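As a plain string of letters, each chain reads:
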Amino acid sequence: MGLKHFLSFGGLFSKAETTVREAAGKTIDNDEEGWRRLTGDARRDLSSITQTRMQELGVYMWRTNPLANRLIELPVAFLLAEGVTLQVKDEEAQKWLRKFWNDPINNMDIKLPKKVRELALYGEQCYPAFVNEMNGHVRLGYLDPGLIETVVTDPDNIEQPIGVVTKKDRKGIARRYRIIVNGPEEAFSKRTRDIRETFTDGDCFYFTVNDLSNATRGHSDLLPQIDWLDGYDHSLFGELERWDFLRAFVWDVTLKGATPEEVNQRAREIAPPRPGSVRVHNDSETWNAVVPELNGADNNETARLFRNHILGGRSIPEHWFGGGGDVNRATAGEMGEPTFKDLSMRQRYIKHMLEEIGTFVIRQKTLVLYGSEPDQSNEPEDYEVSAVFAEMIVSDTSKYATALVSVVTAVAAAVDRHLLSQTSAVALIALVAGRMGLEVDPDAELEQALTDKGKQQEEDAFPGFEEDEAA
């Protein structure tokens, strides 16, 4: 039975001929009666049983299946192998972020890869936040996604989660965490604020991937591949058993003209020869080593077909998993482009996660130390948190350098012939420079270049003027 049949408990993948009714329950808020969602109740979530089963199978596959492990670990390595830092312009706020990052409990350098890995495996992450009332220092906890019973959304906006309710523990107690939103509570309607006030067990961050706008839970990166990974695993073990059979052999002994009684008598006496021994017999007895002919054709292409089907579902080229195929250096570079686009999207989401957490850290610090939110009236960018990642791959800048020389020459000629404005010329140069990792603001750069040109013309017109003035 395929693993997807296990997942179909909730009726997601297979059509069961016999109706099976499962015991089910739902946590209902005291405030939920008397209102209905304007957006309706058409949720696109897995059933609770299926959600839990998906998470269990995702972890099991990651631990036991080499291909599944690589599907998770390769993105984590590309995203975090060189590290990540939180940066903000305000020097005091930067110290707060550094203290949060290096806190012995938070220990983000060690725990961040785990968080990113589990986000891919479980499809969701929940971090309860604990704030020191004396100094505003923030520490993060961890809530096992398997303990989440339901995620409550804004009754007027199903896209916005507002609270997390856990499953009941052995004492029958369920915790209710309010989801952190870096903004004033007035951003919600009064009805939503009243519901959020019922979440009294603390605040938490809640992040999801592979979900829809009208879904409240995230899905594992391995969910579409679970059955294929299991089938691929079974087929390889089948090949291993076939190799064992191919190495087996039996001795076939033919006794010419022997009666059944003579055959039985010889069978009782005979013994297989030891390696290096001598076997002597007359022409009435023939010995042959018989090996199995299973007619098992080379299954390499079939295995490659299924492996590429799995890898393609995650936008990973086969040469990343040890399969060279017909790949050379040129085609390998082109085949990696979709993968890096996919990784860049995940990197942007992780960047958002870290920036949300960093913003919360600064807000709590200023609230406790200064009694108010950060003052962003004058220089709002001073408190804008930025998660800075290292470049995923080392770019081949030689081709961009060659292109930059050609572009500079071409735009200079176009400007001289009045075929192109200076602003567009600098914009084209900035476009190529951006491919080399240098971000250029065309307007600011042109203004500075014209200023420098004016100064140079003044110096050429009045040589030694500035020295005389200084003297």
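Residues numbered from 1 in each chain as written. Predicted model: local features only at pLDDT ≥ 70, side-chain atom pairs only at ≥ 80, totals over all residues. Heavy atoms only, no water.

Engineer: I would appreciate a short explanation of the overall build of the protein chain in the present structure.
Structural biologist: Along its length, the protein chain carries 14 helices and 10 strands. Expressed as a percentage of contacts within the protein chain between residues at least 6 apart in sequence, the contacts between residues at least 24 apart total 66%. (Helix = DSSP H or I, 4+ residues; strand = E, 2+ residues; numbered from the N terminus. Contact = heavy atoms within 4.5 Å.)

Engineer: It is not clear to me how the state of the cysteines should be interpreted in this structure. Could you clarify?
Structural biologist: All chains considered together, the criterion is met by zero disulfides. C204 takes part in no disulfide bond, and the closest cysteine sulfur, belonging to C126, lies 3.7 Å away. Owing to a relative accessible area of 0%, C204 belongs among the buried residues under this scheme. (Disulfide = S-S within 2.5 Å. Buried < 20%, exposed > 50% of the residue type's maximum accessible area, 1.4 Å probe, protein only.)

Engineer: Looking at this structure, how should I read helix 3 (residues 66-80)?
Structural biologist: Because the α-helix completes a turn every 3.6 residues, residues three or four places apart line up on one side. With 15 residues, helix 3 extends 21 Å from end C-alpha to end C-alpha; this agrees with the ideal 21 Å at 1.5 Å per step. A large share of helix 3 lies buried, amounting to 11 of its 15 residues. The set of residues buried in helix 3 consists of L67, A68, N69, L71, I72, E73, L74, P75, V76, L79 and L80. Measuring from the backbone nitrogen of L67 back to the side-chain oxygen at the start of helix 3 gives 2.9 Å, which picks out N65 as the cap. (Expected span 1.5 Å × (residues − 1). Polar contact = N/O pair within 3.5 Å; in protein donor to acceptor, adjacent residues only side chain to side chain.)

Engineer: Is there a simple way to explain the packing of helix 2 (residues 48-64) against helix 3 in this structure?
Structural biologist: The description of two packed helices rests on the angle between their axes and on the distance between the axes. Taken N-terminus to C-terminus, the directions of helix 2 and helix 3 make an angle of 105°; their axes are 6 Å apart at the nearest point. In terms of their interaxial angle, helix 2 and helix 3 are classed as roughly perpendicular. Contacts between helix 2 and helix 3 involve M61, W62 and T64 from the first element and P66, A68, N69, I72 and E73 from the second. Its residues placed into classes, the contact of helix 2 with helix 3 shows five nonpolar, two polar and one charged. (Axes fitted to C-alpha atoms, helices over the stretch in contact; angles between N-to-C directions. Parallel < 35°, antiparallel > 145°, perpendicular 65-115°, else oblique. Nonpolar A, V, L, I, M, F, W, Y, C, P; charged D, E, K, R; others polar.)

Engineer: Sorry, what's going on with unusual backbone geometry here?
Structural biologist: Among all residues save glycine, negative phi is the norm, and among peptide bonds the norm is trans. The backbone of N210 sits at a positive phi, close to 60°, despite the residue not being glycine. Mapped onto the elements of the fold, N210 is located in the loop between strand 7 (203-208) and helix 7 (226-247). By relative accessible area, N210 is classed as partly exposed at 38%. Residues other than glycine seldom take positive phi values, yet H418 does so here, at roughly 60°. The exposed category is assigned to H418, whose relative accessible area is 73%.

Engineer: Teacher, can you tell me more about the confidence of the model for the protein chain here?
Structural biologist: Detailed reading of the predicted model is not advised wherever pLDDT is low. Model confidence for the protein chain is summarised by a mean pLDDT of 81, while 80% of its residues fall at 70 or above. Within the model, pLDDT remains below 50 along residues 8-18, and this stretch shows 12 contacts once partners closer than five positions in the same chain are excluded. Predicted confidence for residues 28-40 stays below pLDDT 50, and this span has 20 contacts to residues more than four positions away or in other chains. (pLDDT = per-residue confidence, 0-100.)

Engineer: Before we go on, may I ask you to explain the nonpolar core in this structure?
Structural biologist: Looking at soluble globular proteins, one finds that nonpolar side chains tend to be buried together. Formed by 37 residues in total, the largest nonpolar core has its most connected members in L80, V84, L112, L140, F205, L354 and I362. Among the elements that make up this core, the one with the highest residue count is helix 10 (residues 329-370) (nine residues). With near-sequence residues (within four places) excluded, L112 lies in contact with L80, V84, W101 and L354. With 15 residues, the next largest nonpolar core counts A68, L71, I72 and Y232 among its residues. (Core = buried A, V, L, I, M, F, W, Y, C linked by side-chain atoms within 4.5 Å.)

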